[in-house]
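Reading the structure
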Amino acid sequence: MKALLLIDVQNDFVPGGALAVPEGNQIIPLLNQLQPSFDLVVATQDWHPRAHKSFASSHLGQQVFNTIELHGLEQVLWPDHCVQGTPGAELHPDLDTSRVEAIFRKGTNPEIDSYSGFYDNGHQKSTGLGDYLRGKGATQVYVAGLAGDYCVYFSAKDAVQAGFETFLIEDASRPISPEGFQQAKQELQRLGGHVVQSSALMGT
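All of these numbers come straight from a predicted model, not from anything done at the bench. (Residues numbered from 1 in each chain as written. Predicted model: local features only at pLDDT ≥ 70, side-chain atom pairs only at ≥ 80, totals over all residues. Heavy atoms only, no water.)

With that settled, consider the environment of G135. Looking at the secondary structure, you find G135 in helix α2 (residues 129-136). Take G135: its relative accessible area is 68%, and that puts it in the exposed class. In this structure, the C-alpha to C-alpha distance between G135 and L70, residues 65 residues apart in sequence, is 34 Å. (Helix = DSSP H or I, 4+ residues; strand = E, 2+ residues; numbered from the N terminus. Buried < 20%, exposed > 50% of the residue type's maximum accessible area, 1.4 Å probe, protein only.)

Next up, the structure:
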């Protein structure tokens, strides 16, 4: 059974948003076209409380995109984004959610970031996504969305480690950094994941 994970297709991650991914809005029509080819469609949503420790504004004297150590983990300091209850945290209005059976929110603990849809960055707490997918009978997981080199990659990586046959849909994702995305794809393949194009999936 094939599941499609739509990662963080939210207003703050598209051009004009607080943490815009270049061309992030351009994948939305493709994500909509892909959905009928899957047995199960699930979405994730970055859902930060105000003053989240991943925000540069929560650290005196720190600049956006600086890197610090936070509870023993490397942490990029981001602009305030996807704050709970704000328009920026909402799923993009052009995203077709009629087939989305569940939405898993992440990044809710103010002390730790959560790139992956499966776990926080310290793997201390599960979102329940893995158990949900298994309960639905999913064996193959296809991951697409924003940003390709962060939340898409870390979600795909955790899907591999959870035992799912995992595919990152390259042209249905957009990265913050093209170089970072290249490294992420190579690392995912090294771990046993796959990188595919949407054209191979349409109508299957």
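Next comes the rest of the write-up.
Pairing in this open sheet of six strands is parallel, and the strands run β5-β2-β1-β6-β7-β8 from one edge to the other. Among the strands making up the open sheet, the edge pair consists of β5 (100-106) and β8 (194-196). Across the sheet, the mean angle from the axis of one strand to that of its neighbour is 25 degrees, orientation sign disregarded. Here helix α3 (residues 148-161) sits on the sheet in contact with β1 (2-7), β5, β6 (140-146) and β7 (165-174), set at roughly 165 degrees to β6. Sitting on the sheet, helix α4 (residues 178-191) is in contact with β7 and β8, with an inclination near 165 degrees to β7. (Pairing = 2+ DSSP bridges. Axes fitted to C-alpha atoms, helices over the stretch in contact; angles between N-to-C directions. Contact = heavy atoms within 4.5 Å.)

Okay, empty space enclosed by the protein next. In this structure the tally under the stated criterion is one cavity of 30 Å³ or more. Taken together, 14 residues line the largest cavity, and the ones lying closest to its centre are F13, L19, H81, Y150 and C151. (1 Å grid on protein atoms, 1.4 Å probe; cavity = no way out; pocket = protein on both sides within 12 Å on 5 of 7 lines; lining within 4 Å. Points joined across faces, edges and corners; volume = space filled by probe spheres on them.)

An α-helix turns once per 3.6 residues; consequently, residues spaced three or four apart project the same way. With 14 residues, α3 extends 18 Å between its outermost C-alpha atoms, agreeing within 8% with the 20 Å of an ideal straight helix rising 1.5 Å per residue. The buried fraction of α3 amounts to ten of the 14 residues, a majority that puts the element mostly inside the structure. Residues of α3 that are buried: G148, D149, C151, V152, Y153, S155, A156, D158, A159 and V160. The elements touched by buried residues of α3 are β1, β5, β6, β7 and α4. (Expected span 1.5 Å × (residues − 1).)

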